[in-house]
Amino acid sequence: MTAHIDVSSVLRHRVCELYSDLVTRPTGRAVRTAIEQQLTGAERRTLTVIDFTHVGLLDFSCADEVVAKLLLRYCVDEAASEERYFVFRGVSETHLDAIEAVLERHQLALVADDGGGMVYLVGVVDEAHRVVWETLCADGRCAPSTLAERLSIPSAEAERLLDALHRRRLLMRSDDGYLAIGGRVA
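Residues numbered from 1 in each chain as written. Predicted model: local features only at pLDDT ≥ 70, side-chain atom pairs only at ≥ 80, totals over all residues. Heavy atoms only, no water.

Visitor: Describe the overall build of the protein chain, and please don't skip the residues or the numbers.
Guide: For the protein chain, the count of helices and strands is seven helices and nine strands. Taking the principal axes of the C-alpha coordinates as reference, the protein chain spans close to 55 × 35 × 30 Å. Of all 186 residues assigned to the protein chain, the portion counted as buried reaches 46%. In the protein chain, once contacts between residues fewer than 6 apart in sequence are set aside, the share between residues at least 24 apart is 67%. (Helix = DSSP H or I, 4+ residues; strand = E, 2+ residues; numbered from the N terminus. Buried < 20%, exposed > 50% of the residue type's maximum accessible area, 1.4 Å probe, protein only. Contact = heavy atoms within 4.5 Å.)

Visitor: Residues and numbers for the packing of aromatic side chains, please.
Guide: In total, this model carries three aromatic pairs according to the counting rule given. Ring centres of Tyr74 and Phe86 lie 6.0 Å apart, and the angle between their planes is 55°; this geometry places the pair in the tilted category. A residue pair is termed long-range when its members are at least 10 positions apart, and Tyr74 in helix α3 (residues 60-76) and Phe86 in strand β3 (residues 83-89) qualify at 12 residues. An identical accessibility class is assigned to Tyr74 and Phe86; each is buried. Counting every residue linked through ring pairs, the aromatic cluster contains Phe52, Tyr74, Phe86 and Phe88. (Phe/Tyr/Trp six-rings, centres within 6.5 Å; stacked < 30°, edge-to-face > 60°.)

Visitor: Account for a negative patch on the surface, with residues named and values stated.
Guide: A cluster of acidic residues, Glu93, Asp97, Glu100 and Glu104, forms a negative patch at the surface. Take Glu100: its relative accessible area is 37%, and that puts it in the partly exposed class. (Patch = residues over 30% accessible without salt bridge, like charges linked within 9 Å, V, L, I, M, F, W, Y side chains within 5 Å. Areas by Shrake-Rupley, 256 points an atom, 1.4 Å probe, with all protein chains shown as cover. Salt bridge = Lys/Arg side-chain N within 4 Å of Asp/Glu carboxyl O. Lys, Arg positive; Asp, Glu negative; His and termini not counted. Charge placed at Lys NZ, Arg CZ, Asp CG, Glu CD.)

Visitor: Tell me about helix α2 (residues 25-39), and please be specific about residues and values.
Guide: The end-to-end C-alpha separation of α2 is 21 Å, in line with the 21 Å expected for 15 residues at 1.5 Å each. The complete set of buried residues in α2 reads Thr27, Gly28, Val31, Arg32, Ala34, Ile35, Glu36 and Leu39. After α2 finishes, the residue Gly41 shows a positive phi value of roughly 85°. (Expected span 1.5 Å × (residues − 1).)

Visitor: Describe in detail the nonpolar core, supporting the description with residues and values.
Guide: Counting residues in each nonpolar core, the largest one holds 34 residues, and the members touching the most others are Leu22, Ile50, Phe52, Leu71, Phe88, Ile99 and Leu110. The set of elements that each furnish at least two residues to this core consists of α1 (7-14), α2, α3, β3, α4 (93-106) and β4 (109-113). If we ignore the near neighbours within four places in the chain, the residues touching Ile50 are Ile5, Val7, Ile35, Leu70, Phe86, Val87, Phe88 and Arg89. If you look at the next biggest cluster of nonpolar residues, it comprises 26 residues, including Cys137, Ala148, Leu170 and Tyr178. (Core = buried A, V, L, I, M, F, W, Y, C linked by side-chain atoms within 4.5 Å.)

Put into structure tokens, the structure is as follows:
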């Protein structure tokens, strides 16, 4: 299942009709809570596009509340019975400072979509994982053995790298391998 959540719409409905800026921790908490409510009752495995396209400013406290806390709740807890994947769309240069700071503080990463279908990673990802992620995004889907062959690495190493990216919810696992979330790699 794929869901789309327009953050500016959530902001206007939860906080104020006139707002397009995500500032102050209480505002961020209200938006995150509304997003979590929308995720309640969704299928066990979902891809949710969190759309920042119409959000003006994003301060550090709101980035922490909306971005980091969503990722910590749904993408880090390995005991969770749900598989939640997120793509953050419409992340502008003005949003990136705050988002990158909170991702670094929490040692997180996310998949961002430029709005035109090109995806890229933001946050803490080492070079080996980034290469694997970009290769898989270019292919869309592949088995560990195929990835190992393409990158000239042992199959066990390809499996380890793919599993690590899956645990961080940067890739989905399927019956025949792994698949990229989002669109084409930037």
